[in-house]
Amino acid sequence: METIEKNKSKAKAGAKLRVSGAEAIIHCLLAEGVDLIYGYPGGAIMPVYDELYKFQDRLTHILTRHEQGATHAAQGYARVSGKVGVAIATSGPGATNLVTGLADAQIDSTPMVCITGQVPRHLLGSDAFQETDIIGISTPVTKWNYQVTKASEIPGIIAKAFYIAKSGRPGPVLIDITKNAQFDELDFHYEHCTGVRSYQPVPKVKEEALNAAAELINSASKPYIVFGQGVILGHAEEELKQLVEKAGIPAAWTILGLSAMNTDHPLNVGMVGMHGNYGPNVLTNECDLLIAIGMRFDDRVTGSLDTYAKQAKIIHIEIDPAEINKNVTADIPLLGDAKETLTKLLPKIKKNNHDAWLNEFKKKYDEEFKVVIEKDLYPTKEGLTMGEVIEEINKASKSKAVIVTDVGQHQMVACRYAKFAQSKSNITSGGLGTMGFALPAAIGAKMGAMDREVVAIIGDGGYQMTIQELATIFQNKTPVKIVVLNNGHLGMVRQWQELFFESRYASTVMTNPDFVKIAEGYHIKAKRVSERKDLGLAVQEMIACKDPYFLEVKVEKEDNVFPMIPSGASVSDIRLK
């Protein structure tokens, strides 16, 4: 312990330290401001865990029950806190278990650094025990990766990893470190990375493009904004609000853009996409100007590209050059950071309103309310709906909670009906659609925002994919609230089977365990609700509880999510029933 204290004093003084590679890793993490990591130990990463034990007063390690859980927890932490999430695992199966979380973070632009142990350098390529080529495996699903084989490489590579993960369009980075590099010594010196040759994370906004965009916005009669997560990642929420209000433009969100703008704002017209709102989808093909901000024209948003917004001029504000003209051709690409771009654009925009155009959205909403929303939120039938559960959570939490959703029907319902007044409040697996995401992501989200209520909304299928993380909640006494909407099916797949496969429910019926008893086995307070008269009080009790809480709600088995755009159809072909 005396040596550790001396090294801490040297580190504070800026002097060089003679340390092992494993200790160097810890110093690097501390230098990057990391105070919380998620992981699972094993042989090839054991030297690092030995150093974590020595530095546990400065760096908290959360033992998840599966490496995939570590990555999703790191994602939830990053999405809520705005910091880089960190996960750590051993070689072989430990490393490969990170891949799903890496892929999820890559497609959803989540900053994350994963560190894996590896067999010693002299055994690389020999099929040694628990050796896998994690660099080759993870290359397609990371923003950057690197294998460290010498201790002297560690400070520079970790500094580069954090810079790449959080700069420009964020993403996951994986660093694989051989065991010999963890044991060998180096003279430790750390410098933050401020640039990488040939890597321009934030393109410069072109003045001529700004002028052309402003001219289109000022002259449009039916302008329409669709905003995505780029607004949140770019801290451009206020600038978006100013643009919307100054120009009087209706604005809709993608599911990852949800919470960037107050859901009750009069110019916030709802959600686009396969299960989005009726007006925002249909009127995409009636606007004369579509302004896309920090979104990538995903297929679930556009439907058939052959018919998507063909009548409109397109302005695309985007930080990643790879997304410009990838799916939808932009008349005016505005390549740059969302906040910087909007800040420079705003003075060029004239004060305006488009009340007649906005009224078209209101008419479409009224149609949707009568056919879909009313029965979802205020049902008259006996069985409980997913929508009314979300509405009760809105009321009990006063729309201030962070909502973490898994993947499926409940996800679409939560994104449609959850109310948000604060950014970074909607945490979900968007692009990859990872079942099992929500429970560990909620753990990370809560640890990233201990002052906020965090509610995980999960289906009975996805819940069982990472149910072991209840032990992580129990061990760390993490006060997350878990709501399982149990319809006894893999609901989204079952809906497709009903609508498009003549109700042949192939392998979608779930025979479930007693979820309440399982939660109670982890000493988590639990309750089950199956009748409407009990729902409101149960949700209020859950929100009021200061400890972890599990609530199972038995909902209708064949309660489909509408509106719906059939796969490959036009946004104009959205179905209300």
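Now for a description of the structure that goes with this document. (Residues numbered from 1 in each chain as written. Predicted model: local features only at pLDDT ≥ 70, side-chain atom pairs only at ≥ 80, totals over all residues. Heavy atoms only, no water.)

Let's shift gears to the pattern of salt bridges. Scanning the model with the defined rule gives 28 salt bridges in all. A salt bridge links K339 to E239; the shortest N-O distance between them is 2.9 Å. Of this pair, K339 sits in helix α15 (residues 338-345) while E239 sits in helix α12 (residues 237-247), and the two are 100 residues apart along the sequence. K344 serves as the salt-bridge partner of E340, at 3.1 Å between the closest nitrogen and oxygen. (Salt bridge = Lys/Arg side-chain N within 4 Å of Asp/Glu carboxyl O. Helix = DSSP H or I, 4+ residues; strand = E, 2+ residues; numbered from the N terminus.)

What follows is about the sheet that holds strand β10 (residues 251-253). Strands sit in the order β11-β10-β9-β12-β13-β14 across an open sheet of six strands; the sheet is parallel. In this open sheet, the two edge strands, each paired with only one partner strand, are β11 (268-271) and β14 (332-335). In this sheet, neighbouring strand axes are inclined to one another by 20° on average, regardless of whether the strands run parallel or antiparallel. Alignment of strand β9 (residues 223-227) against strand β12 (residues 289-293), held across five bridges, turns out to be parallel. Considered in β12, the bridge of Y224 is made with L290. Taken strand by strand, helix α10 (residues 207-219) contacts β12, β13 (313-318) and β14, and its axis lies near 130° from that of β14. (Pairing = 2+ DSSP bridges. Axes fitted to C-alpha atoms, helices over the stretch in contact; angles between N-to-C directions. Contact = heavy atoms within 4.5 Å.)

For the coordinates displayed, the defined rule picks out 10 aromatic pairs. Ring geometry for Y365 versus F369: centroids 6.2 Å apart, planes at 40°, classification tilted. In this pair, Y365 and F369 are both assigned in helix α16 (residues 355-377), four residues apart and thus about one turn of the helix distant. Their ring planes at 25° and their centres at 5.6 Å tell us that Y463 and F550 sit as a pair that is stacked. Taken together, the residues span a long stretch of sequence, with Y463 in helix α20 (residues 460-463) and F550 in strand β20 (residues 549-554) at a distance of 87 residues. Summarising the burial analysis for this pair, Y463 and F550 share the class buried. Members of the aromatic cluster, joined through ring pairs, are Y224, W357 and F361. (Phe/Tyr/Trp six-rings, centres within 6.5 Å; stacked < 30°, edge-to-face > 60°. Buried < 20%, exposed > 50% of the residue type's maximum accessible area, 1.4 Å probe, protein only.)

Here we come to the nonpolar core. With 102 residues, the main nonpolar core has Y224, I225, F227 and I293 as its most contacted residues. With six residues, the top contributor of residues to this core is α16. Residues V99, C114, A445 and A456 belong to the second largest nonpolar core, which totals 50 residues. (Core = buried A, V, L, I, M, F, W, Y, C linked by side-chain atoms within 4.5 Å.)

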